Amino acid sequence: MEKKDKLLTPKQYQFAILYAENGGTMSGGAICKKAGYSGTSDQCKRLLDNSSICGVIEAHRNDIRIASGYSKSRMIRELDSI
């Protein structure tokens with residue numbers, strides 16, 4: 001039996017959006033802190049174990065890719081030209 005995805009709390013949603021938009025410039029602990037948590041890397045790992053949070057992260061990353069006009073094939077073409 002699969003666990004049903006739950007609605008996210010405002011803090012969880014904020015974490016997911018910040019994590020999706022981060023691009024590797026902030027640590028997991030810093031993202032947690034900015035979202036209103038205590039800011040530890042362990043807490044970040046626990047949040048990333050939540051499938052609902054991961055779903056929001058992936059959906060937001062896809063929205064960012066669409067908005068920026070980048071697709072996998074475009075990125076590969078641009079990397080080939082380098």
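Here the structure is a predicted model, which is why all the values come from computation and not from measurement. (Residues numbered from 1 in each chain as written. Predicted model: local features only at pLDDT ≥ 70, side-chain atom pairs only at ≥ 80, totals over all residues. Heavy atoms only, no water.)

### A word on the packing of helix α1 (residues 10–22) against helix α2 (residues 28–35)
Running from amino to carboxyl end, α1 crosses α2 at an angle of 135 degrees, the nearest separation of the two axes being 9 Å. Taken together, α1 and α2 sit at an angle that is classed as oblique. The handedness of the crossing between α1 and α2 is right-handed. Between α1 and α2, the contacting residues are K11, Q14, F15, L18, Y19 and N22 on the first element and I31, C32, K34 and A35 on the second. When its residues are assigned to classes, the contact of α1 with α2 shows six nonpolar, two polar and two charged. (Axes fitted to C-alpha atoms, helices over the stretch in contact; angles between N-to-C directions. Helix = DSSP H or I, 4+ residues; strand = E, 2+ residues; numbered from the N terminus. Parallel < 35°, antiparallel > 145°, perpendicular 65-115°, else oblique. Left-handed = near helix turned anticlockwise from the far one by under 90°. Contact = heavy atoms within 4.5 Å. Nonpolar A, V, L, I, M, F, W, Y, C, P; charged D, E, K, R; others polar.)

### Let's talk about the packing of aromatic side chains
As enumerated under the stated definition, the model contains one aromatic pair in all. Between F15 and Y19, the ring centres sit 5.6 Å apart and the planes meet at 35 degrees, which makes this aromatic pair tilted. Remark: Y19 and F15 occur in helix α1; sequence separation between them is four residues, near one turn of the helix. You can call Y19 partly exposed: its relative accessible area is 24%. Stacked on the ring of Y37, the Lys or Arg K11 has its end atom at 4.9 Å from the ring centre. (Phe/Tyr/Trp six-rings, centres within 6.5 Å; stacked < 30°, edge-to-face > 60°. Buried < 20%, exposed > 50% of the residue type's maximum accessible area, 1.4 Å probe, protein only. Lys NZ or Arg CZ within 6 Å of the ring centre and 35° of its normal.)

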